[in-house]
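Listed here are the chains, written in short residue letters.
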Amino acid sequence: MDDDSGREVFVSPVVVASQVFPARPGSLPDAEQFVREALEPIRLETEERQALYQAITAALLAAAGAKDNVFDVTVRIFPDGVEVEVLHGAGVHRVQPAAEPFADWLTGVLRGQGLSQEAAAQRIGVSVRTISRWLRGDTEPRLRDLRKVHEIFGP
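All of these numbers come straight from a predicted model, not from anything done at the bench. (Residues numbered from 1 in each chain as written. Predicted model: local features only at pLDDT ≥ 70, side-chain atom pairs only at ≥ 80, totals over all residues. Heavy atoms only, no water.)

1. With respect to the environment of Ala 23
Put simply, the rule reads: Only DSSP runs of H or I reaching four residues or more are called helices, and only runs of E reaching two or more are called strands; each is numbered from the N terminus. Only protein chains enter the area calculation, which uses a 1.4 Å probe; residues under 20% of their type maximum are buried, those over 50% are exposed, and those in between are partly exposed.
By the secondary structure assignment, Ala 23 is in the loop between strand 1 (15-22) and helix 1 (27-39). The class of Ala 23 is buried, set by a relative accessible area of 17%. C-alpha separation for the pair Ala 23 and Leu 60, spaced 37 residues apart in sequence, amounts to 5.1 Å.

This is the structure in structure tokens:
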């Protein structure tokens, strides 16, 4: 197809799905389910799923203090790839396939600051057993604990 200037124009179909979620912990599974359904039958690698979860969580945390208290998840499916954006009023969080899992990030933070599990648990206000589960990757923090981790150790 040619445009008016004589240049060839390629038209590619794009499927876009977008949904707004309230910024509350119960929205995390809903947002993840929305993305899974939008991407069906495309399979995400483990790292991509973790990056997506982290982007949704970061947007939810940022939106929780914002005036509108919502975040938006948009999925774009191109013939040769997929793009997922998670937005809130203060900015955009794009999914990065090489994102670091929470357990690895927290291990690095504690090691870098020379903190024991006991010291970290005391700072965050959780049990040592909870910290141990986070470090093994068995569980991840609840929203209130994640907010506290973010305040203490940064993003």
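Right, picking up where we left off after that structure.
2. Some thoughts on the nonpolar core
Soluble globular proteins tend to pack their nonpolar side chains together in the buried interior. Applicable threshold: By nonpolar core we mean a set of buried residues, namely Ala, Val, Leu, Ile, Met, Phe, Trp, Tyr and Cys, connected to one another through side-chain atoms within 4.5 Å. Contact between two residues is taken to exist if any of their heavy atoms lie within 4.5 Å; hydrogens are not considered.
Membership of the largest hydrophobic core comes to 17 residues, with the highest contact counts inside it found for Val 35, Ile 56, Phe 71, Val 73, Val 75 and Val 86. Elements represented by at least two residues in this core include exactly helix 1, helix 2 (46-64), strand 2 (70-78) and strand 3 (81-88). Ignoring sequence-local partners within four residues, the contact set of Val 75 consists of Val 15, Val 16, Ala 17, Phe 34, Val 35, Ala 38, Leu 39, Val 82, Glu 83 and Val 84. One finds Leu 61, Ala 120, Ile 124 and Val 126 within the second-largest nonpolar core, a separate group that totals 16 residues.

3. Looking at the side chain of Asp 145
Residue placement: Asp 145 occurs in helix 6 (residues 143-153). Those residues within four positions of Asp 145 in sequence are excluded, and the remaining contacts are Ile 124, Val 126 and Trp 134.

4. So, the packing of helix 3 (residues 102-113) against helix 5 (residues 128-136)
Condition: Fitted lines through C-alpha atoms give the axes, limited to the stretch in contact for helices. The angle between two N-to-C directions lies from 0 to 180 degrees. As a working rule, the residues Ala, Val, Leu, Ile, Met, Phe, Trp, Tyr, Cys and Pro are called nonpolar, Asp, Glu, Lys and Arg charged, and the rest polar, with Gly in that last group.
Contact geometry of helix 3 with helix 5 gives a least axis separation of 7 Å together with a crossing angle of 115°. Side by side, helix 3 and helix 5 meet where Phe 102, Ala 103, Leu 106, Thr 107 and Leu 110 of the first sit next to Ile 131, Trp 134, Leu 135 and Arg 136 of the second. For the contact of helix 3 with helix 5, a count of residues per class yields seven nonpolar, one polar and one charged.

5. Concerning helix 3
For clarity, the threshold we go by: Multiplying one less than the number of residues by 1.5 Å gives the expected span of a helix. Picture the helix axis, draw a direction to every C-beta atom, and the arc is the one those directions span.
Across its 12 residues, helix 3 extends 16 Å between first and last C-alpha, which sits within 8% of the 16 Å expected from 1.5 Å per residue. If you check which residues of helix 3 are buried, you get Phe 102, Ala 103, Trp 105, Leu 106, Val 109 and Leu 110. Along helix 3, the residues classed as buried sweep out an arc of 165° about the axis, all on the same side. Set apart from the buried face of helix 3 by more than 90 degrees, the exposed residues are Arg 111 and Gly 112. Positive backbone phi, approximately 65°, marks Gly 114, located one or two places after helix 3.

6. Side note on the packing of helix 4 (residues 117-124) against helix 5
As a reminder, the rule being used: By definition in this entry, angles of less than 35 degrees are roughly parallel, angles greater than 145 are roughly antiparallel, angles of 65 to 115 are roughly perpendicular, and the rest are oblique.
Axis separation between helix 4 and helix 5 bottoms out at 8 Å; the angle between their running directions is 110°. In this view, helix 4 runs roughly perpendicular relative to helix 5, as classed from their interaxial angle. Side by side, helix 4 and helix 5 meet where Gln 117, Glu 118, Ala 120, Ala 121 and Ile 124 of the first sit next to Val 128, Ile 131, Ser 132, Trp 134 and Leu 135 of the second. A per-class count over the contact of helix 4 with helix 5 returns seven nonpolar, two polar and one charged.

7. A closer look at helix 5
Restricting attention to buried positions, one finds in helix 5 the residues Thr 130, Ile 131, Ser 132 and Trp 134. Directly after helix 5, the chain includes Gly 137, whose backbone phi takes a positive value near 85°.

8. Brief notes about the pattern of salt bridges
Where charged atoms from two side chains of opposite charge approach closely, those side chains can pair. For clarity, the cut-off: When a carboxyl oxygen of Asp or Glu lies within 4 Å of a side-chain nitrogen of Lys or Arg, that pair is called a salt bridge.
Going through the model one piece at a time under the given rule, you end up with one salt bridge. Between Asp 138 and Arg 136 there is a salt bridge, with its nearest N and O atoms 2.6 Å apart.

9. Examining the confidence of the model for the protein chain
Here is the rule: pLDDT: the predictor's confidence for each residue, scored from 0 to 100.
Counting all residues, the mean pLDDT for the protein chain is 75, and 76% of those residues have values of 70 or more. Across the protein chain, the secondary-structure element scoring lowest on mean pLDDT is strand 4 (residues 91-94), at 42, and the one scoring highest is helix 4, at 92. In this model, residues 90-99 is a region of pLDDT below 50 whose contacts with residues beyond four sequence positions or in other chains number 23 contacts.

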